[in-house]
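Examining the three-dimensional arrangement
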Amino acid sequence: MEINELMDKFINENLIDIIISNPKSKGVEEAASKIKIRPLLLQEKLCFQASRYVGKQVFHENFDDMAIRTAITEWLTKEYKQGQFRSKEMSATVLSGNKGNMTIKCKKETTVKRVQAPLSHNRKKQYILEEGKAVPFLVDLGVMTKDGKVIQAKYDKFRQINRFLEYIEDVLPRLDKSKKQTIIDFGCGKSYLTFAMYYYMKELKGYDIRIIGLDLKKEVISHCQELAKKYGYRDLNFLTGDIADYEDVEQVNMVVTLHACDTATDYALYKAVRWNADVILSVPCCQHEANRQIASKEFSGIFKYGIIKERMAALITDGIRANLLERCGYKTQILEFIDLEHTPKNLLIRAVKGEITENHVEELERFLSLDLTLGNLLR
């Protein structure tokens, strides 16, 4: 049996789980000891969640049908020696050699009826902030009623907040719980996620933190500051100011920037690198800079379509940003934040301090005639 045929049999609604284990390279820092994959439903669409076990941490990432097939094939070909596949109807074992050659053994289950866990990812207990339990700032921000019921029109915002907190949960071990940690949220806006971050990290997890929210809108900042005072959040402060000009602190442990427009994201990332921040979480927005510059004879037939050029420019911008962070000593991932149907700005750059990784990002910039802000700031 070939790997593609195996995928056809297991990557469907009958899958129970897949466990990929036994790394081919032992002792690689931050390598996952195993990857567990299970099916789940997101908005009635079948997806697959891969949980990577790295030391005492677990990192989650969701894939669609085609993406998980590609990922599993890559993992078993290059990185892991063994895969165990289980569905309601059959099981299989995959053994992968050092050269990527595979031995696949598959058998039908005829004795024990396998039980599949519920696929729904929207059950109450799945959320970090539970539905039915009133959270003061969510009530005041119009997401919940006073009895903890999520307002239907704000359910997407409720899911987004919880998704963001899952990313925070993954990086918590990177922050020193024994010392006060300074966190800056650049472009905080109405601060749904800023309040959620403070509530989760300080009230629920007991971290000694100071969070500064920065935005240009004075009225919004004033309202957020009033709410922080109302809740007694003494270490949550909101300031009016520009990301590029902010110089009020000398050390920051985590930098968050969500939908900071165009090059404002670059200044936030630059400042995070300059502060040697342990964690960076960034959801970029409105990447106009590359769209104005990008040019290539080889891609001219594609770039003549404005919407294609715009989307490619945005993706390439974030790819270049991620590579630049890697060169500054960050282990960087680009993850899906929220679904495309809610906003096209759905990529999150997550970077944590690690080892410097060399790459050839300058060659890509030259090929596409790009001279971007973050690269210039970091030179």
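Within any chain, residue numbers begin from 1 and follow the written order of that chain's sequence. Totals for whole chains, interfaces and linings use all residues, but because this is a predicted model, local features are given only for residues with pLDDT of at least 70 and pairs of side-chain atoms are given and counted only at 80 or more. With hydrogens and water set aside, each side-chain value is computed from the structure's full complement of heavy atoms.

The subject of this paragraph is the packing of helix H1 (residues 3-10) against helix H2 (residues 65-79). Axis angle and axis distance: for two packed helices, these are the angle between their axes and the distance between the axes, and together they describe the pair. To get an axis, fit a line to the C-alpha atoms, keeping to the stretch in contact for a helix; angles then go from 0 to 180 degrees between the N-to-C directions. Helix and strand definitions follow DSSP, with helices as H or I runs of at least four residues and strands as E runs of at least two, each counted in order from the N terminus. The geometry of H1 relative to H2 is characterised by a closest axis approach of 11 Å and an angle of 135 degrees between their N-to-C directions. In terms of axis orientation, H1 runs oblique to H2. When you trace H1 past H2, the crossing you get is right-handed. Along the contact surface, H1 presents Ile3, Asn4, Met7 and Asp8, while H2 presents Arg69, Ile72, Thr73 and Leu76. Taken together, the residues of the contact of H1 with H2 break down into four nonpolar, two polar and two charged. By definition in this entry, angles of less than 35 degrees are roughly parallel, angles greater than 145 are roughly antiparallel, angles of 65 to 115 are roughly perpendicular, and the rest are oblique. In this scheme the handedness of a crossing depends on how the near helix is turned from the far one: anticlockwise by less than a right angle means left-handed, clockwise means right-handed. Contact criterion: two residues are considered in contact whenever any of their non-hydrogen atoms come within 4.5 Å of each other. Gly is placed with the polar residues, together with every amino acid not listed as nonpolar (Ala, Val, Leu, Ile, Met, Phe, Trp, Tyr, Cys and Pro) or charged (Asp, Glu, Lys and Arg).

This brings us to the pattern of salt bridges. In what follows, salt bridge is the name for a side-chain nitrogen of Lys or Arg lying within 4 Å of a carboxyl oxygen of Asp or Glu. Under the definition given, this model contains 18 salt bridges. Note that arginine 163 is salt-bridged to glutamate 166, the shortest N-O span being 2.6 Å. One end of the pair is arginine 163 and the other is glutamate 166, both in helix H4 (residues 155-171) and three residues apart, which spans about a single turn. Neither arginine 163 nor glutamate 166 differs from the other in exposure class; each is buried. In this structure, aspartate 235 and lysine 180 form a salt bridge, with 3.2 Å as the shortest nitrogen-oxygen distance. With aspartate 235 in the loop between helix H6 (218-231) and strand E10 (236-240) and lysine 180 in the loop between H4 and strand E8 (181-186), this pair connects stretches of sequence that are 55 residues apart. The buried label applies to any residue whose accessible area, calculated with a 1.4 Å probe on protein chains only, is under 20% of its type's maximum; exposed applies above 50%, and partly exposed to all values in between. By relative accessible area, lysine 180 is classed as partly exposed at 43%.

Here we come to empty space enclosed by the protein. Residues are said to line a cavity or pocket when one of their atoms sits within 4 Å of a point; the points come from a 1 Å grid over protein atoms alone, cavities being sets where a 1.4 Å probe fits but cannot get out and pockets being open sets with protein on both sides within 12 Å along at least five of seven lines. Grid points are joined across faces, edges and corners, and a volume is the space filled by probe spheres set on the points. Taken as a whole and assessed by the stated rule, the structure comprises two cavities of 30 Å³ or more. What lines the largest cavity is a set of twelve residues, and nearest its centre among them are Phe59, Arg174, Lys331, Gln333 and Val352. Counting residues per element, the ones that place at least two in the lining of the largest cavity are strand E3 (45-54), strand E4 (57-63), H4, strand E13 (330-336) and strand E14 (347-353). Class assignment for the residues of the lining of the largest cavity results in four nonpolar, two polar and six charged. Each pocket or cavity is described by its volume, and for the second largest cavity that value is around 30 Å³.

Let's shift gears to the sheet that holds E4. Backbone hydrogen bonds hold the strands of a sheet together, and the pairing may be parallel or antiparallel. Two strands pair if DSSP finds at least two bridges between them. Strands sit in the order E4-E3-E2-E1-E5-E6-E7 across an open sheet of seven strands; the sheet is antiparallel. Unpaired on one side and paired on the other, E4 and strand E7 (102-108) mark the two borders of the sheet. This sheet shows a mean twist of 15 degrees between the axes of neighbouring strands, independent of strand direction. Sheet analysis places E3 next to E4, joined by seven bridges and oriented antiparallel. Opposite arginine 52, over in E4, you have phenylalanine 59 as the bridge partner.

Although it is not a glycine, asparagine 22 adopts a positive phi angle of roughly 65 degrees. Tracing the chain through its elements places asparagine 22 in strand E1 (residues 15-23). Even without a glycine there, the phi angle at asparagine 276 is positive, about 60 degrees. Tracing the backbone through its elements, the reader meets asparagine 276 in the loop between helix H7 (264-274) and strand E12 (279-285).

Working definition: a ring pair exists when centres of Phe, Tyr or Trp rings (six-membered ring for Trp) sit within 6.5 Å. Plane angles under 30 degrees give stacked, over 60 give edge-to-face, the rest tilted. Per the stated rule, a full pass over the model turns up 15 aromatic pairs. The interplanar angle of 65 degrees and the centroid separation of 5.0 Å between the aromatic rings of tyrosine 127 and phenylalanine 158 together place this pair among those described as edge-to-face. With a gap of 31 residues between them, tyrosine 127 in the loop between E7 and helix H3 (136-140) and phenylalanine 158 in helix H4 connect regions that are remote in the sequence. Judged by its relative accessible area of 0%, phenylalanine 158 is buried. Among the aromatic residues, those joined into a ring-pair cluster are Phe137, Phe195, Tyr198, Tyr199, Tyr231, Tyr233 and Phe238. Distance and angle both matter: a charge sits over a ring if NZ of Lys or CZ of Arg is within 6 Å of the ring centre and within 35 degrees of the ring normal. A cation over a ring is seen here: lysine 157 above tyrosine 192, with NZ or CZ 4.6 Å from the ring centre. The positively charged end of lysine 353 is found above the aromatic ring belonging to tyrosine 330, 4.8 Å away from the centroid.

Moving on, we come to H6. When the terminal C-alpha atoms of H6 are compared, their 20 Å separation across 14 residues agrees well with the 20 Å that a helix rising 1.5 Å per residue should span. Among the residues of H6, those classed as buried are Ile221, Cys224, Leu227, Ala228 and Tyr231. Relative to the axis of H6, the buried residues are bounded by an arc of 125 degrees and lie together on one face. Facing away from the buried surface of H6 by more than 90 degrees, the exposed residues are Lys218, Glu219, Glu226, Lys229 and Lys230. Those residues of H6 that are buried are in contact with H3, helix H5 (192-204), strand E9 (209-215) and E10. After H6 finishes, the residue glycine 232 shows a positive phi value of roughly 75 degrees. Expected span, for any helix, means 1.5 Å times one less than how many residues it has. Directions pointing from the helix axis toward each C-beta atom define the arc.

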